[in-house]
Amino acid sequence: MMGAMPADLLLRNVRCRTHPAPVDIAVAAGAISAVGPALAIDAVQTLDGEGGLALPGFVNAHQHLDKTCIGDALRPPRWPGWAGMWEVNRRHRETYTVDEIVDRASGVVEQALRHGTTRMRAFADVEAVAGTTGARALVALRERWAGEVEVQVAVFPQDLLYADPGGERRFEEAMEAGADVVGGLPAGEATDERMRAHVDFCLDLARRRDADVHMLCDDSDDPAQRSLEYLAHRTIEAGWEGRVTVSHAGALAAYDEPHARLVVGLVAEAGISVCTNPQISLLLHGRDDRGAIRRGTTRVGDLLDAGVNVLAGQDDVDDPYYPLGRADQLEVASFVAHTCQLAWPDELETVMDMVTVNAARAMRTADGYGLEPGDRADIVVVPVADVRSAVAEQPPRRFVISHGRLVCEARVERTRYPRA
Ligand SMILES: [Zn+2]
């Protein structure tokens, strides 16, 4: 493609998944204006991609940002059990404030941006101890990062909706404070009746506020957990198809085959996106198994085969549930490849979709997402030639461009000293 319109930014000599030969990408007014070999375009800033792989900015649709980076002070010396993690989480919320959360969470957003993530869905605990502090903080964080990282704020009932009085009211207030997405944790409720009330309330709140839903469903190895199935039924009844994402769905992996097929079919019919978070699932699940050790992640292969939109997110960084993490969607992709056994070339293309376009679809931000003219210029250049090398090597990102502006670059200097 030739053109004379000057560009703000010209990214020369990159490979794309859809263009095997190197191309140039021109950016004007924050959007991609042209893609093609050797573009004859003047630009204010020109970058040499050196044949690296250009991808649209990574999308991480599952990240806890209020409880992130809590540091060693709050971390027990060894695995504290589920109740122990809950206690650490609760004690942490006794002291946190809006400003402190925004500063602490910004460290992870910065880390994610350096790794090329330009869109993120962030969860805020909303419960009796801290009330709406986390939600108000992440709304402020969203405004602080607007124009670099697009943040959606999801309200999340970490301590359930019906364990303490006032859960529904706190959720209403958190949405009123500017949150975007209604979260949920239905399987944790004490009875099946409460689990169903939890799903019903969240769907009703989402419809009243014209909001999307993102629930953490059946985050367990326990095949008795059935909230995903109920949510899928209710999503269809409510006409909310395409607006619901679930994360984890570990119990689905533990169902017997006939029941699993039924639920996978329902999820597909309900247009529910499924987000797997492999690092955290690997660390937390399968702990009671002896012999055949389960991996904790959901039935990614079966869901993909059924046409379900499956994505992968980081979930946690340095918090009670996961002491590790570096907010790198290529690391997440590598975990998916390993745990879900999707490591051969066509499968790796699917894995790359799970941290890019599938995640954007779940966040319903896929309009203008990609590397075609007209798309918002969120581009990450990985200094490798292909998708396999990107997932295998996870090198520092050569360039990260967000909203048309170069925001980060990194170059690794390596010197090899051969024997004389
Ligand atoms: Zn989570």
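Before reading further, recall that the structure is shown in the block above.
Residues numbered from 1 in each chain as written. Predicted model: local features only at pLDDT ≥ 70, side-chain atom pairs only at ≥ 80, totals over all residues. Heavy atoms only, no water.

> Whenever I open this one, the sheet that holds strand 15 (residues 399–402) confuses me. Can you help?
Where strands meet in a sheet, backbone hydrogen bonds hold them as pairs that are either parallel or antiparallel. As summarised here, the arrangement of the four strands in space is 5-14-15-16, forming an open sheet in which the pairing is antiparallel. Strands at the two margins of the open sheet, each flanked by one partner only, are strand 5 (53–56) and strand 16 (405–409). With strand direction ignored, the average angle separating the axes of adjacent strands in the sheet is 20°. Pairing of strand 5 with strand 14 (residues 379–382) involves four bridges; the strand directions are antiparallel. Residue pairing for strand 14: L53 is matched across the bridge by V382. (Pairing = 2+ DSSP bridges. Helix = DSSP H or I, 4+ residues; strand = E, 2+ residues; numbered from the N terminus. Axes fitted to C-alpha atoms, helices over the stretch in contact; angles between N-to-C directions.)

> How do you make sense of the packing of aromatic side chains when you look at a structure like this?
Given two aromatic rings, their pairing is described by the distance between the two centres and the angle made by the two planes. In this structure the tally under the stated criterion is two aromatic pairs. Between W79 and W82, the aromatic rings sit 6.4 Å apart at their centres with planes inclined by 85°, giving edge-to-face as the arrangement. On the basis of relative accessibility, which here comes to 41%, the residue W82 falls in the partly exposed class. Ring geometry for F123 and F156: centres 5.9 Å apart, planes at 85°, overall edge-to-face. Here F156 lies in strand 8 (residues 150–156) and F123 lies in strand 7 (residues 117–125), a separation of 33 residues in the sequence. There is no split in this pair, since F123 and F156 are both buried. Geometry around Y255 places R226 over its ring, the cationic atom sitting 4.9 Å from the centre. (Phe/Tyr/Trp six-rings, centres within 6.5 Å; stacked < 30°, edge-to-face > 60°. Buried < 20%, exposed > 50% of the residue type's maximum accessible area, 1.4 Å probe, protein only. Lys NZ or Arg CZ within 6 Å of the ring centre and 35° of its normal.)

> Mind showing me how you'd approach the side chain of D66 here?
Note that D66 resides in the loop between strand 6 (58–64) and helix 1 (71–74). Here the side chain of D66 touches D125 through a polar contact of 2.8 Å, landing on its backbone nitrogen. Discounting residues that sit within four places of it in the chain, D66 has contacts with H92, Y96, I101, R104, F123, A124, D125, G134 and L138. (Polar contact = N/O pair within 3.5 Å; in protein donor to acceptor, adjacent residues only side chain to side chain. Contact = heavy atoms within 4.5 Å.)

> Hey, could you run me through the packing of helix 6 (residues 192–208) against helix 7 (residues 227–238) in this one?
To characterise two packed helices, one gives the angle between the axes of the helices and the distance between these axes. At a closest axis distance of 10 Å, the pairing of helix 6 and helix 7 adopts a crossing angle of 35°. The handedness of the crossing between helix 6 and helix 7 comes out as right-handed. In this structure, helix 6 uses M195, R196, V199, D200, L203 and R207 to contact helix 7, whose residues at the interface are S227, Y230, L231, R234, T235 and A238. Broken down by class, the residue content of the contact of helix 6 with helix 7 amounts to six nonpolar, two polar and four charged. (Left-handed = near helix turned anticlockwise from the far one by under 90°. Nonpolar A, V, L, I, M, F, W, Y, C, P; charged D, E, K, R; others polar.)

> Help me out: how do you make sense of the pattern of salt bridges in this one?
In a structure, side chains of opposite charge can pair up when their charged atoms sit close to one another. One pass over the structure, following the stated rule, counts 37 salt bridges. The salt bridge involving E87 is made with R91; its shortest N-O contact spans 4.0 Å. Separated by four residues within a single helix, E87 and R91 lie in helix 2 (residues 81–93), roughly one turn from each other. Residue D159 is joined to R93 by a salt bridge in which the shortest nitrogen-to-oxygen separation is 2.7 Å. Taken together, the residues span a long stretch of sequence, with D159 in the loop between strand 8 and helix 5 (167–176) and R93 in helix 2 at a distance of 66 residues. Each member of the pair, D159 as well as R93, is classed as buried. Each of K67, R93, D125, E127 and D159 takes part in one network of salt bridges that share partners. (Salt bridge = Lys/Arg side-chain N within 4 Å of Asp/Glu carboxyl O.)

Any functional reading would require information that these geometric values do not contain.
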